[in-house]
Amino acid sequence: MNRIRLILLAGLCIFVAILSIAYITVGMESKEPETTTQNTTEKISEPDTSAVEPGTENEATTQLPSEAETTTQAEATTREPETMGSEYEYAYAGFNPSVAVVDGEKWNLLLVNQKYILPEDYTVQTAEVKGGGQSLDHRVVPHYNKMVEAAEADGIDLIPVSGYRSLSRQKNNFNRKIDYYSSLGYSKAEATRLAAKIVLMPGTSEHNAGLAMDFGTNGNYTLDENFANTDAFRWLSENAADYGFILRYEEDTQDITMITYEPWHWRYVGVEAAQEIKAQGVTLEEYLGMD
Ligand SMILES: [Zn+2]
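Quick caveat: nothing in here was measured; it's all calculated off a predicted structure. (Residues numbered from 1 in each chain as written. Predicted model: local features only at pLDDT ≥ 70, side-chain atom pairs only at ≥ 80, totals over all residues.)

## Let's talk about the overall build of the protein chain
Piece 1. Counting its regular elements, the protein chain contains eight helices and eight strands.
Piece 2. Evaluated residue by residue, the protein chain yields a buried proportion of 33% over its 291 residues. (Helix = DSSP H or I, 4+ residues; strand = E, 2+ residues; numbered from the N terminus. Buried ≥ 20, exposed ≤ 12 C-beta atoms within 10 Å, placed from the backbone.)

Given below as structure tokens:
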């Protein structure tokens, strides 16, 4: 009998020992996730440093910006998933654009219009163009100069009237117009909508990106539709694509571009795209499938 008791006792001891080991092991494992959770919590509570203040912009243009780029109608902006929503500065007036996708490799195909606006901290390195007084994105300038020289060789004067305009300048112009309409007694929202019909909202102009030039020529510097009757316009229509430039706002495309006819406004997109756009007779929006 003693032997049986001893065996039972030994068995009990072993059982208790196994239980203890099992308990300790489970206890250790269950601690691991806790540490992970703690780490994650620490990461989340780190101060958000991503909101970097936009730097001041290089005021490269000396000339007053043209306010000729009137919009036909501040149409109800389309609702797309990536819109800025109530974050947008002028959202109170019903504007709800998306932020343009800035692709460093395809910088020449950047789409800027009233639906896709430049990020507020967008910066561009500008350089002065041939003819002086105006600047463009420095990557455009060699192509621009080549085109102007080729025109000159054909006896055509292409005069730079308005190139790059800083976002801050565009913003000042826009806000001035809002103030003007407010002073006439309009509500802030109504004043903003009226301003948007006269001045393009900051970030919606290709001039803010330094990718477009408004041209004048001998006897026509006023950026009006008569530019379409000049030799300069005829020369550009024939040759600009070979230097990477397109007529951006044509007579019958304002449904898509939201800008009326501007024969003086020429946009750089690169030679390949310019020739394809010209051959297909499409807008930049249609070419990019973003109309
Ligand atoms: Zn223009």
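Resuming the write-up.
## A short note on the sheet that holds strand S6 (residues 212-216)
Piece 1. The strand order across the open sheet built from four strands is S5-S6-S8-S7, with neighbouring strands paired in antiparallel fashion. Looking at which strands have only one partner, the edges of the open sheet turn out to be strand S5 (159-162) and strand S7 (245-247). Within this sheet the neighbouring strands show an average axis-to-axis angle of 45 degrees, counted without direction. (Pairing = 2+ DSSP bridges. Axes fitted to C-alpha atoms, helices over the stretch in contact; angles between N-to-C directions.)

## Focus on the confidence of the model for the protein chain
Piece 1. When pLDDT is averaged along the protein chain, the result is 79, and 72% of the positions lie at 70 or above.
Piece 2. The low-confidence segment residues 18-81, where pLDDT is below 50, has 61 contacts with residues more than four positions distant or belonging to other chains. (pLDDT = per-residue confidence, 0-100. Contact = placed C-beta atoms within 7 Å.)

## Digging into the environment of Glu-190
Piece 1. By the element assignment, Glu-190 lies in helix H4 (residues 188-198).
Piece 2. A sequence separation of 96 residues divides Glu-190 from Gly-94, and the C-alpha atoms of the two residues are 9.8 Å apart.

## Some words on unusual backbone geometry
Piece 1. The phi angle at Leu-223 is positive, at roughly 55 degrees, despite the residue not being glycine.
Piece 2. When you line up the elements, Leu-223 lands in the loop between S6 and helix H5 (231-239).

## Notes on helix H2 (residues 141-153)
Piece 1. A rise of 1.5 Å per residue sets the reference length of H2, with its 13 residues, at 18 Å; its end C-alpha atoms lie 18 Å apart and thus fit the reference within 8%.
Piece 2. Here H2 has its buried residues at Tyr-144, Met-147, Val-148 and Ala-151. All buried residues of H2 project into a common sector of 95 degrees when viewed along the axis, lining one side.
Piece 3. Directly after H2, the chain includes Gly-155, whose backbone phi takes a positive value near 80 degrees. (Expected span 1.5 Å × (residues − 1). Arc of directions from axis to C-beta.)

## Here's the deal with the pairing of strand S8 (residues 265-268)
Piece 1. Because side chains alternate across S8, one face comprises the buried residues His-265 and Arg-267, and the other comprises Trp-266 and Tyr-268, equally buried.
Piece 2. When S6 meets S8, the two strands line up antiparallel, connected through three bridges. Following the sheet pairing, Met-213 is matched in S8 by Trp-266.
Piece 3. Note that S7 and S8 share three bridges and pair antiparallel. Of the residues in S8, the one forming a bridge with Phe-245 is Tyr-268.

## Some remarks on H5
Piece 1. Residues Ala-232, Phe-233 and Leu-236 constitute the buried set of H5. When H5 is viewed along its axis, its buried side chains cluster within an angular range of 95 degrees and face the same direction. When the buried face of H5 is taken as reference, the exposed residues oriented beyond 90 degrees from it are Arg-234 and Glu-238.
Piece 2. Where H5 is buried, its residues contact S6 and S8.

## A look at the environment of Thr-126
Piece 1. Within the secondary structure layout, Thr-126 lies in strand S3 (residues 126-128).
Piece 2. Take Thr-126: there are 22 C-beta atoms within 10 Å of it, and that puts it in the buried class.
Piece 3. Distance in space between the C-alpha atoms of Thr-126 and Gly-210 is 7.2 Å, their sequence separation being 84 residues.

## A closer look at the packing of helix H3 (residues 167-183) against H4
Piece 1. Their axes nearest at 8 Å, the elements H3 and H4 cross at an angle of 130 degrees. Overall, the two elements H3 and H4 adopt an arrangement that is oblique. Here the hand of the crossing between H3 and H4 comes out right-handed. Residues Phe-174, Lys-177, Ile-178, Tyr-181 and Ser-182 of H3 pack against Lys-188, Ala-191, Thr-192, Leu-194, Ala-195 and Ile-198 of H4. (Parallel < 35°, antiparallel > 145°, perpendicular 65-115°, else oblique. Left-handed = near helix turned anticlockwise from the far one by under 90°.)

## What to know about the environment of Gln-125
Piece 1. Mapped onto the elements, Gln-125 comes out in the loop between strand S2 (116-117) and S3.
Piece 2. Between the C-alpha atoms of Gln-125 and Ser-135, which are ten residues apart in sequence, the distance is 9.7 Å.

## Focus: the nonpolar core
As a rule of thumb, soluble globular proteins bury nonpolar side chains together.
Piece 1. One finds Ala-240, Phe-245, Ile-246 and Trp-266 to be the most contacted residues of the largest nonpolar core, which totals 41 residues.
Piece 2. If you list the elements that add at least two residues to this core, you get S2, H2, S6, H5, S7, S8 and helix H7 (271-280).
Piece 3. At four residues, the largest contribution of residues to this core is made by H2.
Piece 4. Leaving out residues up to four positions away in the same chain, Trp-266 has contacts with Ala-212, Met-213, Phe-215, Leu-236, Ala-240, Phe-245, Ile-246, Leu-247 and Arg-248. (Core = buried A, V, L, I, M, F, W, Y, C linked by C-beta atoms within 7 Å.)

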